[in-house]
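Residues per chain, in single letters:
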Amino acid sequence: MTPLRVRIGVLGLALVAGLAAPTAATAAPPAGGTATAPTVEERRLDGPVPREILRRSGFDAVAPAFARELGRAGSYREARAVVAHEGAALWRRAVDRVQGRGPARGDLSRDDDRPLYWARLGMTRELRAWEPRFGLEAGQRAALLAEVERTSRGQADLRLPPRAPKARGKGTDKGVKRVLLTGFDPFTLDRDIRISNPSGAVALALDGTVIDTPQGPARVETAVFPVRWRDFTEGAVERALRPYLPRVDLFTTVSQGRVGRFDVERTNGAWRGGFPDNENVSRTETVPVADPASQPQWTTTTLPYAAITAAVTGRFPVYDNTGVTEIPAGAGTGAVVRPDGPTPGSTAREGGGGNYLSNEIAYRATLLRDRLGLHGRLPGGHVHTPVLRFGTGNTDPAAGAVTDPEFVRERLDIVAQTRAIVAVAVSAPGPEGS
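Rules used in this analysis
- Residues numbered from 1 in each chain as written.
- Predicted model: local features only at pLDDT ≥ 70, side-chain atom pairs only at ≥ 80, totals over all residues.
- Heavy atoms only, no water.
- Pairing = 2+ DSSP bridges.
- Helix = DSSP H or I, 4+ residues; strand = E, 2+ residues; numbered from the N terminus.
- Axes fitted to C-alpha atoms, helices over the stretch in contact; angles between N-to-C directions.
- Contact = heavy atoms within 4.5 Å.
- Phe/Tyr/Trp six-rings, centres within 6.5 Å; stacked < 30°, edge-to-face > 60°.
- Buried < 20%, exposed > 50% of the residue type's maximum accessible area, 1.4 Å probe, protein only.
- Expected span 1.5 Å × (residues − 1).
- Core = buried A, V, L, I, M, F, W, Y, C linked by side-chain atoms within 4.5 Å.
- Salt bridge = Lys/Arg side-chain N within 4 Å of Asp/Glu carboxyl O.
- Polar contact = N/O pair within 3.5 Å; in protein donor to acceptor, adjacent residues only side chain to side chain.

Asks: Hey, could you run me through the sheet that holds strand β12 (residues 336-338) in this one?
Replies: A sheet is described by the order of its strands in space; here three strands give the open sequence β12-β11-β13, paired in antiparallel fashion. Of all strands in the sheet, those bounded by a partner on one side alone are β12 and β13 (347-350). In this sheet, adjacent strand axes meet at a mean angle of 45° when their direction is disregarded. Pairing of strand β11 (residues 324-327) with β13 involves three bridges; the strand directions are antiparallel. Pairing of Ile327 across the sheet is with Thr347, part of β13.

Asks: Is there a simple way to think about the sheet that holds strand β1 (residues 177-184) in this case?
Replies: To summarise the sheet geometry, strands pair through backbone hydrogen bonds and adopt either a parallel or an antiparallel arrangement. Pairing within the open sheet is mixed, and its seven strands lie in the order β2-β3-β1-β4-β14-β5-β10. Here the strands that pair on one side only, and so sit at the sheet edges, are β2 (210-213) and β10 (318-321). When the angles between neighbouring strand axes are averaged without regard to direction, this sheet yields 25°. Pairing analysis gives four bridges linking β1 to strand β4 (residues 250-256), with the strands arranged parallel. Bridging from a neighbouring strand, Val179 pairs with Leu250 of β4. On top of the sheet, helix α8 (residues 198-206) reaches β1, β3 (216-225), β4 and β14 (380-385); it is set at about 145° to β1, its chief contact.

Asks: Would you explain the packing of aromatic side chains in this entry?
Replies: Two aromatic rings are characterised by how far apart their centres lie and by the angle between their planes. By the definition in use, this model includes nine aromatic pairs. Aromatic pair Phe225 and Phe232: ring centres 6.4 Å apart, planes at 75°, arrangement edge-to-face. Using a relative accessible area of 0% as the deciding quantity, one classes Phe225 as buried. Aromatic pair Phe390 and Phe407: ring centres 4.1 Å apart, planes at 5°, arrangement stacked.

Asks: How should I be thinking about helix α6 (residues 114-129) in this particular structure?
Replies: Side chains of residues three or four places apart in an α-helix project in the same direction, reflecting 3.6 residues per turn. End to end, α6 covers 23 Å across 16 residues, agreeing with the expected 22 Å (1.5 Å per residue, within 8%). Burial within α6 is extensive, with 13 of its 16 residues counted as buried.

Asks: I would appreciate a short explanation of unusual backbone geometry in the present structure.
Replies: It is generally the case that most residues other than glycine have a negative phi and that most peptide bonds are trans. Even without being glycine, Arg105 reaches a positive phi, approximately 55°. Here the phi dihedral of Thr188 falls at roughly 55°; this positive angle occurs in a residue that is not glycine. Along the chain, Thr188 falls in the loop between β1 and α8.

Asks: So what exactly am I meant to see when it comes to the pairing of strand β5 (residues 262-265) here?
Replies: Every other side chain in a regular strand lies on the same face of the sheet, so the side chains alternate between the two faces. Burial of the side chains of β5 extends over both faces: Phe262 and Val264 are buried on one face and Asp263 and Glu265 on the other. Here four bridges tie β5 to β10, and the two strands are oriented parallel to one another. Within β10, the position partnered with Glu265 by the bridge is Asn321. Across three bridges, the pairing between β5 and β14 is antiparallel. Bridged to Glu265 within β14 is His382.

Asks: Would you take a moment to explain the nonpolar core for this structure?
Replies: Most often, soluble globular proteins have nonpolar side chains that are buried together. Judged by nonpolar contacts, the single largest core of 62 residues is most densely connected at Phe66, Trp118, Leu127, Trp130 and Leu181. Counting residues per element, this core draws most heavily on helix α5 (residues 76-98), which supplies eight residues. Each residue touching Leu127, except ones within four places of it in the same chain, is listed here: Phe66, Leu70, Val83, Arg141, Leu144, Leu145 and Val148. If you look at the next biggest cluster of nonpolar residues, it comprises 25 residues, including Phe225, Val227, Trp229 and Phe251.

Asks: Whenever I open this one, the environment of Ala84 confuses me. Can you help?
Replies: Its place among the elements puts Ala84 in helix α5. For the pair Ala84 and Glu147, spaced 63 residues apart in the sequence, the C-alpha separation amounts to 6.2 Å. When sequence neighbours within four positions are dropped, the list of residues in contact with Ala84 reads Glu147 and Thr151.

Asks: Looking at this model, I keep getting lost on the pattern of salt bridges. Mind explaining?
Replies: Pairing between side chains of opposite charge can happen when their charged atoms approach one another. Throughout the structure, instances matching the rule amount to 41 salt bridges. Between Arg228 and Asp231 there is a salt bridge, with the nearest N and O atoms lying 2.6 Å from each other. The residues Arg228 and Asp231 share a single accessibility class, namely buried. With its nearest N and O atoms 2.9 Å apart, the salt bridge here joins Glu238 to Arg364. Note that Glu238 is positioned in helix α10 (residues 236-241) and Arg364 in helix α12 (residues 357-371), a separation of 126 residues in sequence. On the basis of relative accessibility, which here comes to 12%, the residue Glu238 falls in the buried class. A single network of salt bridges, built from pairs that share partners, joins Glu41, Arg120, Glu149, Arg153, Asp185, Arg228, Arg230, Asp231 and Glu279.

Asks: Would you explain helix α13 (residues 405-427) in this entry?
Replies: Relative to the 33 Å expected for 23 residues at 1.5 Å per residue, α13 spans 33 Å between its end C-alpha atoms, a close match to the ideal helical length. Its side-chain oxygen at 3.1 Å from the backbone nitrogen of Glu406, Asp404 defines the N-terminal cap of α13.

Asks: Would you explain the side chain of Asp231 in this entry?
Replies: Residue placement: Asp231 occurs in helix α9 (residues 229-233). The exposure class assigned to Asp231 is buried, which follows from its relative accessible area of 11%. Reaching out from Asp231, the side chain makes a polar contact with the side chain of Arg228 at a distance of 2.6 Å. Those residues in contact with Asp231 that sit more than four places away from it in its chain are Pro226 and Ala236.

Here it is as C-alpha cells:
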C-alpha cells in the first residue's frame, strides 16, 4: 500500500492502466433532507464485479435487509441500535464465513475478504440515502455512518483475554498472550475492481483464533481499516488502538506490499506521498497527528525482525527492510534513498513501507506506542505481505474471472504464512530495538 508497491503490484497483476470504474448513473439525494449522494466508493457497487462477488458469497442480501431494519426505526435512538447491531453482525458473519462456521451461502471461496468490503459499502449507501419519518440531522447521520464503519470493521469486537497474574518470584505471565493485528480494505479498484487485499483476508482468518507457540498460546484479535486519507486524518487509527495497546503483548499492522515477498518494515516516515485513495483523493503533506510540535520524522519497529526473518514460516521469503527515502539535514529539498535507514536530523519522504496508508498506519501505531511509554516493553510494527495475484490467463480486469484456483491458493498461503510470522514474533524474547 505504497506508491512503489502499488506500481509493482499493478505489474504483478498485469492490470490495465487507465481502466475506468463503472459509471452508473447516481440518483440525487432527496430534496429538503440531510441525505447525501453516494460516495466514489459506493458508486462502484453498480458495476458487475461487485454485484457478482456479493451474489456468489450470499452477501447481496445484507444491504436490503439493513434498509428494512432502518425503515422500522422510529427514533434516532432506535436507529443507532440498528446500526450497531447490523454492523457488528456483518463483521461476525464475514469472520464466520472465512473461518468455516455456518453455510458458505455461495460458491465463492470462504477465504475471500471482498464480500465484507462490498457489503459494508451497500450498508453505508443505504444509510446515506435514508430519510426517516422522524427527521435526521446531518450530524446524526454522520454519527450513524461512523458507527457502521467501527462495528463492521471489528473495531468494536476486540476481546482480549484477561492478563494472567504474574508467577511468584518470576515476574512473567503464564497465561494466554494477547496479539492485536490490523488489515486493510481492497484498493486500486479503478485499475482492477476485482482486487482482494490479503491483509483483510488475514484479519478475517485470524480474528479470535488461538495460535499455539513454544511460549504458550496466543490469542489474536483483529480489525480492518479503510484506504482513505480522511479517516486517518480524523484519528481513526488512534481511536481504535489506544484502549488496547497497553493491554496487548504484541501488535502488528499488516498490508499488501511487494510481489513474491514479505517485508518487516524497520522504519516508518511522517510523510504522505499523495497516491490516490479509494475516494480518488490525494494528500501530499506531513502526516497530521495530535501535538505536531513533538512529532518525530521517523518511528521504528519493535517487532523481533531478526527472529522473524531467520525462521521458516512459508514459501515466500521474508526480509528485514531497512531502506528509507529522506531529505538529509541541511540538504534543501533533494530526496535520497538510504538503504540502511535515516540519518540524524533528516526529513522523511518514504519509510520502508513507502509513503501511502500502510506506512501511515505503521507510523501512527508505533508513534502511539511511544507516546504511551511502551517502546521498550511492547513489540510492534508493520508487516507487508506479498501482492495477491490472479492466475495465468486471468489478468484482464475487463474480461477476467473474479477468482481462480491460483488466486485462492496464493491468498491461503499468505494467510498461513502471516499466522506463522505472528507465532514466531510472539515467541521471541522482548521487543527489538528497545
